[in-house]
Amino acid sequence: MGWTRGHVLGHGSSATVSTATTATGETFAVKSVVVSKSETLQREQQFLSILSSPYVVSYTGCDITKENKKMIYNLLMEYMPGGTVIDVIQARNYGSLNELEIANYTRQIIQGLEYIHSFGIVHCDIKGANILVNKNGVKIADFGCAKWANEDVPFRGTPMFMAPEVARGESQGFKADIWALGCVIIEMAIGNSPWSNVNSPISVLYKIGFSGESPDIPDGFSPKAKDFIKKCLIQDPEARWSATALLKHPFLEQFDHDQDQNFLTCSPTSILDQDVWGSIQQSALVGSDYNQETCTSNSLRQRVEQLAGNPEKGKFRSGAEKEIDWMTIRSSCNGAVTGGDEWW
Ligand code: ADE
């Protein structure tokens with residue numbers, strides 16, 4: 001299928017996403033990276049190409065192009081004009097979504113999770129920045145961290161959304177996605193991720209893994225919503241509810257499924273008429289100054305440093321590279337980190 005690259009939609013943790021237009025005028029999104037750094041994107045292609053659900057961004061194809069004398073690996077997928085859930089939050093000046101909007105998005109995300117879990121796939125990086133929006137609602141995207149449930153691979157994801165068992169390095173199964181979903185619900189409500197007051201990835205992982213605390217549930221939620229979030233944020237992954245069980249929770253009953261079609265277009269704060277792409281920034285997810293943190297467990301510190309790709313003990317990278325620490329962590333088996341390897 002021939003296509004022409006359009007404008008850049010955003011720079012993800014491992015590739016750049018642009019629009020793509022075919023000769024017949026159809027618009028897609030294309031995620032691209034130089035072939036030599038395309039291992040993660042090719043893995044994402046393997047997962048996306050077997051999935052087909054209204055709640056998962058659709059796969060369209062993949063190819064290799066030569067651009068500016070470089071060989072580029074491209075993953076083509078459905079274009080979602082509303083941007084990410086973070087863009088929705090940003091468009092409201094980091095304001096929150098209301099409970100009905102949150103219930104609708106949550107139901108669709110769980111339907112997506114139930115679907116991918118039924119394939120034996122764990123997403124491993126559920127967060128607002130990986131949930132895409134169109135006029136009908138939301139879909140799960142970015143399978144760059146995904147793994148088979150029984151696959152023995154290094155732990156991956158975004159610290160603030162990591163479940164306690166992942167932070168402790170014990171396991172990363174389906175229930176880790178459910179914990180992350182609980183964090184996304186809070187993110188939608190407060191316009192910021194949980195633990196955003198904690199100022200280093202190491203501190204966040206300690207807090208999540210060893211404090212026994214779950215993120216605070218905002219007061220504004222109804223009792224049903226609070227109970228739902230609590231079921232997502234149960235410390236013990238065995239006791240934490242599954243996607244299938246959560247779909248039957250009363251919090252989601254309040255939303256009439258027939259409203260799906262009109263949900264976003266009727267919203268007084270709809271972002272669909274706006275150019276959300278001009279304002280894409282990862283800054284909402286970037287911590288402030290986390291050089292000051294003191295950690296007491298060498299083993300965890302080393303593990304976090306390895307996850308964060310920092311070979312120098314006790315130091316974090318500074319400046320722009322900090323962002324990678326707060327974003328998706330993907331350590332390959334040899335400890336190398338894939339992150340920020342855009343191709344232009
Ligand atoms: N950003 C990342 N993937 C996207 C997609 N498929 N559509 C729109 N924006 C995106």
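What you see is a predicted model, and the numbers here were worked out from it, not measured in a lab.

S.K.: Quick one: what's the story with the side chain of Lys-127, residue by residue and with numbers?
M.R.: Tracing the backbone through its elements, the reader meets Lys-127 in the loop between β6 (121-122) and β7 (131-134). In terms of polar contacts, Lys-127 uses its side chain to reach the side chain of Thr-158, at 2.9 Å.

S.K.: Help me get a handle on empty space enclosed by the protein, residues and values and all.
M.R.: Tallying each qualifying case throughout the model produces two cavities of 30 Å³ or more. Here the largest cavity defines a volume of roughly 90 Å³. Lining of the largest cavity is provided by 14 residues; of these, Cys-124, Phe-161, Met-162, Gln-172 and Ala-180 occupy positions nearest its centre. Here the element with the most residues in the lining of the largest cavity is helix α5 (residues 174-190); it accounts for three residues.

S.K.: So, the pattern of salt bridges: which residues are in play, and what are the values?
M.R.: Pairing is possible between side chains that carry opposite charge, provided their charged atoms lie close to one another. Going through the model one piece at a time under the given rule, you end up with eleven salt bridges. Between Glu-170 and Arg-168 there is a salt bridge; the shortest N-O distance is 2.8 Å. Its relative accessible area of 28% is what places Arg-168 among the partly exposed residues. Salt bridges linked by common partners bring Lys-31, Glu-44 and Asp-142 together as one network.

S.K.: Tell me about the pairing of strand β3 (residues 27-34), and please be specific about residues and values.
M.R.: Of all the eight residues making up β3, seven are buried; the element is thus mostly covered by neighbouring parts of the structure. For strand β2 (residues 16-22) and β3, the ladder comprises six bridges, and the chain directions are antiparallel. For Ala-20, the partnering residue across the bridge sits in β3 and is Phe-28. Hairpin connection of β2 to β3: four residues between the antiparallel strands, including Gly-25 at a positive phi of 90°. As paired strands, β3 and strand β5 (residues 70-78) are joined by seven bridges and run antiparallel to one another. Note that in β5 the partner of Ser-32 across the bridge is Asn-74.

S.K.: Describe helix α3 (residues 99-118), listing the residues and the values that go with them.
M.R.: When the terminal C-alpha atoms of α3 are compared, their 28 Å separation across 20 residues agrees well with the 28 Å that a helix rising 1.5 Å per residue should span. Across the 20 residues of α3, 15 count as buried, placing the element largely inside the fold. The opening residue of α3 is Asn-98, an N-cap whose side-chain oxygen sits 3.0 Å from the backbone nitrogen of Leu-100. Taken from the residues just after α3, Gly-120 is the one with a positive phi, measuring 85°.

S.K.: Just give me the short version of the confidence of the model for the protein, but keep the residues and values in it.
M.R.: In the predicted model, the protein carries a mean pLDDT of 80, and 73% of its residues have values of at least 70. For the stretch residues 258-298, pLDDT sits under 50, and the model shows 90 contacts to residues farther than four places along the chain or on other chains. This stretch, residues 308-326, has a pLDDT under 50; its non-local contacts, to residues over four places away or in other chains, come to 46 contacts.

S.K.: Lay out the packing of α3 against α5 with the relevant residues and their values.
M.R.: Relative orientation and spacing of two packed helices are given, respectively, by the angle between their axes and the distance between those axes. Direction vectors running N to C along α3 and α5 enclose 165°, while the axes themselves pass 11 Å from each other. One element, α3, and the other, α5, form an angle in the roughly antiparallel class. The chirality of how α3 crosses α5 is right-handed. The residues of α5 that touch α3, namely those facing Ile-102, Tyr-105, Thr-106, Ile-109, Ile-110, Leu-113 and His-117, are Phe-174, Asp-177, Ile-178, Leu-181, Val-184, Ile-185, Met-188 and Ala-189. Taken together, the residues of the contact of α3 with α5 break down into twelve nonpolar, two polar and one charged.

S.K.: So what's going on with a nonpolar patch on the surface? Residues and values would help.
M.R.: A surface patch of nonpolar side chains, about 250 Å² in accessible area, is lined by Ile-50, Phe-119 and Trp-148. Locating Trp-148 in the fold gives a position in strand β9 (residues 147-148). Look at Trp-148 and you get partly exposed, because its relative accessible area is 34%.

S.K.: Go over helix α1 (residues 39-48) with me, naming the residues and quoting the values.
M.R.: Those residues of α1 that fall on the buried side of the exposure criterion are Thr-40, Leu-41, Glu-44, Gln-45, Phe-47 and Leu-48. All buried residues of α1 project into a common sector of 165° when viewed along the axis, lining one side. With respect to the buried face of α1, the exposed residues turned more than 90 degrees away are Glu-39 and Gln-46. Each element contacted by the buried residues of α1 is listed here: β3, β4 (59-67), β5, β6 and β9.

S.K.: Tell me what's going on with unusual backbone geometry, and back it up with residues and numbers.
M.R.: A positive phi is found at Asn-68, a non-glycine position, where the angle reads about 50°. Relative to the elements of secondary structure, Asn-68 occurs in the loop between β4 and β5. Notably, Asp-142 is not glycine yet its phi reads approximately 60°, a positive angle. You can see Asp-142 is positioned in the loop between β8 (137-140) and β9.

S.K.: Quick one: what's the story with the pairing of β7, residue by residue and with numbers?
M.R.: Covered by surrounding structure in β7 are Ile-131 and Val-133 together with Leu-132 and Asn-134, the residues of both alternating faces. Note: β7 against β8, four bridges, orientation antiparallel. If you follow Asn-134 over to β8, its bridge partner there is Gly-137. Counting the residues between successive antiparallel strands, the hairpin from β7 to β8 contains two residues.

Cut-offs and rules
- Residues numbered from 1 in each chain as written.
- Predicted model: local features only at pLDDT ≥ 70, side-chain atom pairs only at ≥ 80, totals over all residues.
- Heavy atoms only, no water.
- Helix = DSSP H or I, 4+ residues; strand = E, 2+ residues; numbered from the N terminus.
- Polar contact = N/O pair within 3.5 Å; in protein donor to acceptor, adjacent residues only side chain to side chain.
- 1 Å grid on protein atoms, 1.4 Å probe; cavity = no way out; pocket = protein on both sides within 12 Å on 5 of 7 lines; lining within 4 Å.
- Points joined across faces, edges and corners; volume = space filled by probe spheres on them.
- Salt bridge = Lys/Arg side-chain N within 4 Å of Asp/Glu carboxyl O.
- Buried < 20%, exposed > 50% of the residue type's maximum accessible area, 1.4 Å probe, protein only.
- Pairing = 2+ DSSP bridges.
- Expected span 1.5 Å × (residues − 1).
- pLDDT = per-residue confidence, 0-100.
- Contact = heavy atoms within 4.5 Å.
- Axes fitted to C-alpha atoms, helices over the stretch in contact; angles between N-to-C directions.
- Parallel < 35°, antiparallel > 145°, perpendicular 65-115°, else oblique.
- Left-handed = near helix turned anticlockwise from the far one by under 90°.
- Nonpolar A, V, L, I, M, F, W, Y, C, P; charged D, E, K, R; others polar.
- Patch = residues over 30% accessible without salt bridge, like charges linked within 9 Å, V, L, I, M, F, W, Y side chains within 5 Å.
- Areas by Shrake-Rupley, 256 points an atom, 1.4 Å probe, with all protein chains shown as cover.
- Arc of directions from axis to C-beta.

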